[in-house]
There are 2 protein chains.
Amino acid sequence: MAGGGAAASALSSPWRALLQRALDANAHLKHSTFFQLATVGGGGRPANRTVVFRGFQEHCDKIQINTDARSNKVGEIKEWPLGEICWYFTDSWEQFRISGIIDVIDGSSPDPAKLQQREKAWFASSVKSRSQYLGPCPGLPVANDDHVKDVHLDPSAGPVDAYCLLTLDPEKVDYVNLKSNQRLMFTRTKEGDESSDWMAEKVSP
Amino acid sequence: MAGGGAAASALSSPWRALLQRALDANAHLKHSTFFQLATVGGGGRPANRTVVFRGFQEHCDKIQINTDARSNKVGEIKEWPLGEICWYFTDSWEQFRISGIIDVIDGSSPDPAKLQQREKAWFASSVKSRSQYLGPCPGLPVANDDHVKDVHLDPSAGPVDAYCLLTLDPEKVDYVNLKSNQRLMFTRTKEGDESSDWMAEKVSP
Ligand SMILES: Cc1cc2nc3c(=O)[nH]c(=O)nc-3n(C[C@H](O)[C@H](O)[C@H](O)COP(=O)(O)O)c2cc1C
Ligand SMILES: Cc1cc2nc3c(=O)[nH]c(=O)nc-3n(C[C@H](O)[C@H](O)[C@H](O)COP(=O)(O)O)c2cc1C
């Protein structure tokens, strides 16, 4: 997974070594890179869905997620940018709850560096994944006789309008290991991703 | 799983037959009865954690979850009782997002019927599960030299103070099948759990 390899560096956030170990231990399972992202929608309604881990942004701890700019979550996150990831590793019995602020990076971003990240993440995903963003608007009714149109995407074409990159910047990580029955709470004390910017505490599961 | 068997009855909510089929198809996986429950905590912060499905409450669609009355979620849910479950079945590639209102049933409930449900759910879980509620308060720091005390629980003893039953009453179910690439949105139109109290619509994934 992109950015994963650098995770265990001595200087990086302390929970990343644990997460990298879990990713390695569960790598034989297709679903080990899926997690549930909770956000808050209109009227304070919690929303929760499975998404795919698309690696860390380079040189930091931000977690990348690909999504459709037309899906409900994008408008909801723009209104209220807090999220909590719940990532359970089914083979090693470890859970990571990662909370932080989510940045929505669609084609309208005024920041060239962000547009570049978005383009990079676009090309990092398969052509098949990219083609999904040419499909019908998620969540809208489909008529019974609708059949999926074959869409052709030029593999060298840049991100389409519907493609949106989300990045979650971790502020707290609640780690539980059900085999050892241990729980560690990591809290970011300073802006930054170095070991010294985080506090860790052993708490009761 | 308690209450599961009756799920596919012709009169029950239409999504329950799909859920029962998924439970059956994934029953060989220990984690098939685990799902992620999202709620909203203080300051509108989303919270998300893995919990165990403890079956449906008898004669209705309410989803039962056991928890510790001392855990953060209980206070949070009392303040803001909305929840969304995200339940992904890793073998059949099906996702159920189930949202609704959560009822917190601890020992202080004034309703004798609810206290009875709580007692029933207590005895339905293993003695080992029940013993966990005698352990230290979840989330509090543990000293490094703390070792887990052996607790003895009388198997015939009723629910302890820390035991709390949560029930989520579904109002909307968003079902996605990644194998067939189909998505169905079920919305409850009336109070009740019969087929006719729900509307189903095919929507784009
Ligand atoms: C295994 C699996 C992986 C998924 N991965 C993603 C993903 O990476 N990005 C995404 O936007 N939706 C993904 N989805 C779909 C979401 O769970 C959800 O149905 C969709 O994003 C609409 O969510 P929303 O209405 O909250 O915006 C995935 C679904 C499943 C079952
Ligand atoms: C596989 C697994 C199953 C779990 N099942 C439950 C459960 O059924 N009930 C529960 O309260 N916590 C359960 N937990 C622990 C929760 O995920 C969470 O750590 C704990 O309930 C504290 O959450 P809170 O601080 O939001 O209250 C489980 C954890 C894992 C990894």
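Heads up: these notes are all about the structure in this document. These figures come from a predicted structure and were not determined experimentally. (Residues numbered from 1 in each chain as written. Chains lettered and ligands numbered in written order. Predicted model: local features only at pLDDT ≥ 70, side-chain atom pairs only at ≥ 80, totals over all residues. Heavy atoms only, no water.)

1. Focus: the site of ligand 2
Piece 1. Taken together, 15 residues lie around ligand 2, and Arg49, Thr50, Asn66, Thr67 and Lys73 of chain B are the ones closest in.
Piece 2. With respect to ligand 2, the side chain of Arg97 of chain A contributes an N or O atom lying 3.1 Å from an oxygen atom.
Piece 3. Within the side chain of Thr67 of chain B, a nitrogen or oxygen atom sits 2.6 Å from an oxygen atom of ligand 2.
Piece 4. Taking 620 Å² as the accessible area of ligand 2 by itself, protein coverage stands at 87%.
Piece 5. For the shell around ligand 2, the secondary-structure elements that each account for two or more residues are β5 (94-105) of chain A together with β2 (46-52), β3 (63-68) and α2 (72-79) of chain B.
Piece 6. Here the shell around ligand 2 gets four residues from one element, more than from any other, and that element is β2 of chain B.
Piece 7. Classifying every residue of the shell around ligand 2 gives five nonpolar, six polar and four charged. (Near = heavy atom within 4 Å. Polar contact = N/O pair within 3.5 Å; in protein donor to acceptor, adjacent residues only side chain to side chain. Areas by Shrake-Rupley, 256 points an atom, 1.4 Å probe, with all protein chains shown as cover. Helix = DSSP H or I, 4+ residues; strand = E, 2+ residues; numbered from the N terminus. Nonpolar A, V, L, I, M, F, W, Y, C, P; charged D, E, K, R; others polar.)

2. As for the interface of chain B and chain A
Piece 1. Of the residues lining the interface, 42 residues belong to chain B; the matching set on chain A comes to 42 residues.
Piece 2. For the pair chain B and chain A, the interface holds two salt bridges.
Piece 3. One salt bridge in this structure joins Glu171 of chain A and Arg45 of chain B, with 4.0 Å as the shortest N-O distance.
Piece 4. On the surface where chain B and chain A come into contact, there are 17 residue pairs in polar contact (both at pLDDT 80 or more).
Piece 5. Counting only elements with at least two residues in the side of chain B that touches chain A, the list comes to β1 (34-40), β2, β4 (82-89), β5 (94-105) and β8 (198-203) of chain B. (Contact = heavy atoms within 4.5 Å. Salt bridge = Lys/Arg side-chain N within 4 Å of Asp/Glu carboxyl O.)

3. Brief notes about the environment of Lys73 of chain A
All names here are of chain A.
Piece 1. Mapped onto the fold, Lys73 is located in helix α2 (residues 72-79).
Piece 2. Look at Lys73 and you get buried, because its relative accessible area is 11%.
Piece 3. C-alpha separation for the pair Lys73 and Leu19, spaced 54 residues apart in sequence, amounts to 25 Å.
Piece 4. Other than its neighbours up to four places away in sequence, Lys73 contacts Arg49, Thr67 and Leu166.
Piece 5. Looking at Lys73, its side chain comes within polar contact range of the side chain of Thr67, at 3.1 Å. (Buried < 20%, exposed > 50% of the residue type's maximum accessible area, 1.4 Å probe, protein only.)

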